[in-house]
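# A closer look at the structure
This is what each chain is made of:
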Amino acid sequence: MDVVAYGDTYNQAMQGLEDMLFELENPMAQFKKSSYPSMFQTYFHKHEHVVAAIEDVYQMEEEPDGWCGKLATRLADLAQEHLNSIPKKSRREDQLLNFNMILVTYLFPAILEYKGRSAEPVTDAMVKVWNDRFKTTIGKASYEKIEEGFHRKFCYITTAVCESLGKPDDCYELELLRHYRDTYLLTTKEGRALVEEYYNIAPTIVTRINKQADASSVYEKIWNTYLEPCIRYIEQEKQADCQHCYMDMVQELKGRYIA
């Protein structure tokens, strides 16, 4: 192993990780079908040398799993140091949400986009250390998966329910809920936090429901208990009531299929 080359590449990966984490100040604002693809490509190409360095160190390491752990800990430490510098609790919470969004929609997808041998083990380690440190439930997804989600409007659970009930992707109910998300939920801090949590956990929930023998019955119950009432609230212009019902659904499904 070339010790000088290893050291330079190691430092490039560690230092570059900081730029990747602090690159975007308001990632949720740019997370739109029209702007995300170009934003991601710009982000990826700007930091591709960092991802390449991560891959190079992984291949040079005698204990690559240890390298994944070091990188994951470095990422969490950078975030923790920044959060500790923010005196107001509400602002710290907002910043943690921003960090979560950057990881899920930019940093993890960028590492996976490089398609190196380190991609999966590095992002797996980052997810584990981050969730342990900050008591979150973030996951990882590739850029392609996120793009696919945009085309499906990211309504994972509602889409799965409607498909189970024989409703098309552009049915009235789905379009109404998507419009509600874009024009109401995403305009408030609490709503954005709810949407972000939903993005993080919904794919896992749908996967676990689909593995059950009575999946269609589960979806029917979700429809009757939560989604149909949400739709009625929207039609009656009771947006706050719809949000409360939606929050109840997310928390109930999270407790059942994630905890």
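Residues numbered from 1 in each chain as written. Predicted model: local features only at pLDDT ≥ 70, side-chain atom pairs only at ≥ 80, totals over all residues. Heavy atoms only, no water.

This part takes up the nonpolar core. Of all hydrophobic cores here, the largest spans 48 residues; its most connected members are Trp67, Leu71, Leu75, Leu103, Leu107, Met126 and Trp130. Mapped by element, the contributors of at least two residues to this core are helix H1 (3–21), helix H2 (36–60), helix H3 (64–84), helix H4 (89–114), helix H5 (119–134) and helix H6 (143–151). The contact partners of Leu75, leaving out residues within four places of it in the chain, are Leu17, Leu21, Leu103, Leu107, Met126 and Trp130. Leu174, Tyr219, Trp223 and Met249 belong to the second largest nonpolar core, which has 37 residues in total. (Core = buried A, V, L, I, M, F, W, Y, C linked by side-chain atoms within 4.5 Å. Buried < 20%, exposed > 50% of the residue type's maximum accessible area, 1.4 Å probe, protein only. Helix = DSSP H or I, 4+ residues; strand = E, 2+ residues; numbered from the N terminus. Contact = heavy atoms within 4.5 Å.)

Time to look at unusual backbone geometry. Apart from glycine, the bulk of residues carry a negative phi angle, and the bulk of peptide bonds sit in the trans form. The backbone of Lys115 sits at a positive phi, close to 60 degrees, despite the residue not being glycine. Position of Lys115 among the secondary structure elements: in the loop between H4 and H5. Classification of Lys115 by relative accessible area gives exposed; the value is 58%. The backbone of Glu237 sits at a positive phi, close to 60 degrees, despite the residue not being glycine. In this structure, Glu237 sits in the loop between helix H10 (215–235) and helix H11 (239–257).

So, about the packing of aromatic side chains. To describe a pair of aromatic rings, you give the distance between the ring centres and the angle between the ring planes. As enumerated under the stated definition, the model contains 11 aromatic pairs in all. With a centroid separation of 4.5 Å and an interplanar angle of 10 degrees, the aromatic rings of Phe40 and Tyr143 are classed as stacked. Separated by 103 residues along the polypeptide, Phe40 in helix H2 and Tyr143 in helix H6 bring together distant segments of the chain. Each member of the pair, Phe40 as well as Tyr143, carries the same accessibility label: buried. Between Tyr180 and Tyr184 the ring centres are 5.3 Å apart and the planes differ by 20 degrees, which places this aromatic pair in the stacked class. Classification of Tyr180 as buried rests on a relative accessible area of 4%. The partly exposed category is assigned to Tyr184, whose relative accessible area is 25%. Each residue in the set Tyr36, Phe40, Tyr43, Phe44, Tyr106 and Tyr143 is aromatic and connected to the rest through ring pairs, giving one cluster. (Phe/Tyr/Trp six-rings, centres within 6.5 Å; stacked < 30°, edge-to-face > 60°.)

This next bit is on the state of the cysteines. Disulfides are covalent bonds that link the sulfur atoms of two cysteine residues. For the structure on display, the rule yields zero disulfides. For the unlinked cysteine Cys162, the closest cysteine sulfur is that of Cys171, found at 4.1 Å. For Cys162, a relative accessible area of 1% puts it in the buried group. (Disulfide = S-S within 2.5 Å.)

In this model, H2 (25 residues) spans 34 Å end to end at C-alpha, consistent with the 36 Å of a helix rising 1.5 Å per residue. Approximately 55 degrees is the largest bend angle found in H2, and it occurs at His47. (Expected span 1.5 Å × (residues − 1). Bend = angle between axes of the 7 residues up to and from the residue.)

Moving on: the packing of helix H8 (residues 172–183) against H10. Contact pair H8 / H10: the axes reach a minimum separation of 10 Å and the direction vectors enclose 65 degrees. Comparing their axes, H10 and H8 come out roughly perpendicular. Pair H8 / H10 crosses with left-handed handedness. Between H8 and H10, the residues in contact are Tyr172, Glu173, Leu176, Leu177 and Tyr180 and Trp223, Leu227, Cys230, Ile231, Ile234 and Glu235, respectively. For the contact of H8 with H10, the class distribution of residues is nine nonpolar, no polar and two charged. (Axes fitted to C-alpha atoms, helices over the stretch in contact; angles between N-to-C directions. Parallel < 35°, antiparallel > 145°, perpendicular 65-115°, else oblique. Left-handed = near helix turned anticlockwise from the far one by under 90°. Nonpolar A, V, L, I, M, F, W, Y, C, P; charged D, E, K, R; others polar.)

On the secondary structure map, Thr123 appears in helix H5. Within the local environment of Thr123, its side chain forms a polar contact with the backbone oxygen of Glu120, the two atoms lying 3.2 Å apart. Residues contacting Thr123, with those up to four places away along its chain left out, are Phe108, Ile111, Leu112, Ser118 and Lys140. (Polar contact = N/O pair within 3.5 Å; in protein donor to acceptor, adjacent residues only side chain to side chain.)

Let us now look at the pattern of salt bridges. In total, this model carries 14 salt bridges according to the counting rule given. The salt bridge partner of Asp124 is Lys140, with a shortest N-O separation of 2.7 Å. Taken together, the positions of Asp124 in helix H5 and Lys140 in the loop between H5 and H6 put the pair 16 residues apart, joining distant regions of the chain. Under the relative-accessibility criterion, Asp124 is labelled partly exposed at 41%. According to the relative accessible area criterion, Lys140 is partly exposed, its value standing at 28%. Between Asp132 and Lys128 there is a salt bridge whose closest N-O contact spans 3.0 Å. In this pair, Asp132 and Lys128 both sit in helix H5, four residues apart, roughly one turn of the helix. On the accessibility criterion, Asp132 (43% relative accessible area) is partly exposed. Here the salt bridges share partners, and the residues they tie into one network are Glu113, Lys115 and Glu144. (Salt bridge = Lys/Arg side-chain N within 4 Å of Asp/Glu carboxyl O.)

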